[in-house]
Amino acid sequence: MSNDDTRVGHINRVTGFGRDIALFAARMAKRHGWRLLMLFVCIGLPLALFGELAEDVHASETFGFDQPILLAAHALASAGLDRLFIAVTDAGYLYGVVPFDIVLVLALLFARRRRETVFAIFAIVGSALLNLVAKHAFLRARPSLWQSIVHANGTSFPSGHAMGSATLALVLVLLAWPTRWRWPVAAVAVVFVLLVGFSRVYLGVHYPSDILGGWAAAAVWTFGVYGLVFNGSLRPWRRPDAPDDGT
């Protein structure tokens, strides 16, 4: 066999392999396109955002948007807003999110929604543990542009309030998605999460990048747990009249 024949045979094999890959990719896109899109949007993008933030925080680099946003939020300060955002920040963790987490898990347990209970427990508890590990890993100091009117312990990245409130919000939205309450729950969840995040910036105890990091980590963890518990399906729900067999 001549060198030309060998070269042509090699090209044909490569071309055939490439065609097989293209056909396989097309079949995958046709069959699982929406799942791949949701995987990219719900996990891929937040993971990339958290990775970018974490890399810069680990290298002790600053973010150009952090200080201007903090100063702009502080310029809004008033006695009325102080009271409002102290209440919001309290609701965003110890006096709101944590009790609601407990009530939600107990309600799902008593309703015998087994997978939903497992999902909520793993999402909420895992998110809290992940936040603790991340804070100890990055050891980022909190902002010190002014004396805050609230006391905040520990390190700054990622924000525990942002991560905890976002995790609870996502859990509620995912559980409510098969019902007619999906959009009302989603709307309330978004407003609550944004208010909690802004309250931490307004009070000067977190950088905006801490808030973004908390939201991103919450999204990656919660959607990941949801996919694992429900076998990778983003539509695991049963019909309202279907029995709960625990599967």
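Our structure is the block above this text.
Keep in mind it's a predicted model, so treat the numbers as computed, not measured. (Residues numbered from 1 in each chain as written. Predicted model: local features only at pLDDT ≥ 70, side-chain atom pairs only at ≥ 80, totals over all residues. Heavy atoms only, no water.)

A. Structural view of the overall build of the protein. The number of helices and strands found in the protein is 8 helices and 0 strands. When the helices and strands of the protein are listed from N to C terminus, the series reads α-α-α-α-α-α-α-α. The buried share among the 247 residues of the protein stands at 36%. When contacts within the protein are restricted to residue pairs at least 6 apart in sequence, long-range pairs at least 24 apart make up 78% of them. With an accessible surface of roughly 14,700 Å², the protein has 68% of that area assigned to carbon and sulfur atoms. (Helix = DSSP H or I, 4+ residues; strand = E, 2+ residues; numbered from the N terminus. Buried < 20%, exposed > 50% of the residue type's maximum accessible area, 1.4 Å probe, protein only. Contact = heavy atoms within 4.5 Å. Areas by Shrake-Rupley, 256 points an atom, 1.4 Å probe, with all protein chains shown as cover.)

B. Quick peek at the pattern of salt bridges. For the structure on display, the rule yields 3 salt bridges. Where D210 meets R140, a salt bridge forms, and the shortest distance between an N and an O atom there is 2.7 Å. You can see D210 sitting in helix α8 (residues 208-229) and its partner R140 sitting in the loop between α5 (114-138) and α6 (160-176), a full 70 residues away along the chain. When sorted by exposure, D210 lands in the same class as R140, which is buried. Residues participating in the shared-partner salt-bridge network are D66, R140 and D210. (Salt bridge = Lys/Arg side-chain N within 4 Å of Asp/Glu carboxyl O.)

C. Structural view of the nonpolar core. Residues F119, A120, V171 and F223 are the most contacted members of the largest nonpolar core, which totals 19 residues. It is α8 that provides the largest number of residues to this core, a total of 5 residues. Apart from residues lying up to four places away in sequence, A120 is in contact with V105, L108 and V171. Judged by nonpolar contacts, the second largest core, of 16 residues, contains M163, A169, V193 and A216. (Core = buried A, V, L, I, M, F, W, Y, C linked by side-chain atoms within 4.5 Å.)

D. Summary view of the environment of L45. Structurally, the position occupied by L45 is in helix α1 (residues 3-58). By relative accessible area, which is 42% here, L45 ends up partly exposed. Measuring from C-alpha to C-alpha, the distance between L45 and V220 comes to 8.8 Å, with 175 residues separating the pair along the chain.

E. A nonpolar patch on the surface, seen in detail. A cluster of nonpolar residues, V118, I121, F122, V125, L129 and L132, forms a patch on the protein surface that exposes about 530 Å² of accessible area. For F122, the location among the structural elements is in helix α5. By relative accessible area, which is 52% here, F122 ends up exposed. (Patch = residues over 30% accessible without salt bridge, like charges linked within 9 Å, V, L, I, M, F, W, Y side chains within 5 Å.)

F. Summary view of the environment of S159. Mapped onto the secondary structure, S159 falls in the loop between α5 and α6. Along the chain, S159 and Y207 lie 48 residues apart, while their C-alpha atoms are 8.6 Å from each other. Residues in contact with S159, not counting those within four places in the same chain, are N131, K135, R200, H206, D210, I211 and G214. For S159, the side chain forms a polar contact with the main-chain nitrogen of H161, separated by 3.4 Å. (Polar contact = N/O pair within 3.5 Å; in protein donor to acceptor, adjacent residues only side chain to side chain.)

G. Region of the structure containing the packing of α5 against α8. Two numbers describe how α5 lies on α8: the axes approach to 9 Å, and their chain directions differ by 150°. Taken as a pair, α5 and α8 cross one another with a handedness that is right-handed. Residues R115, V118, F119, F122, A123, G126, S127 and L130 of α5 lie in contact with α8, whose contacting residues are W221, T222, V225, Y226 and V229. (Axes fitted to C-alpha atoms, helices over the stretch in contact; angles between N-to-C directions. Left-handed = near helix turned anticlockwise from the far one by under 90°.)

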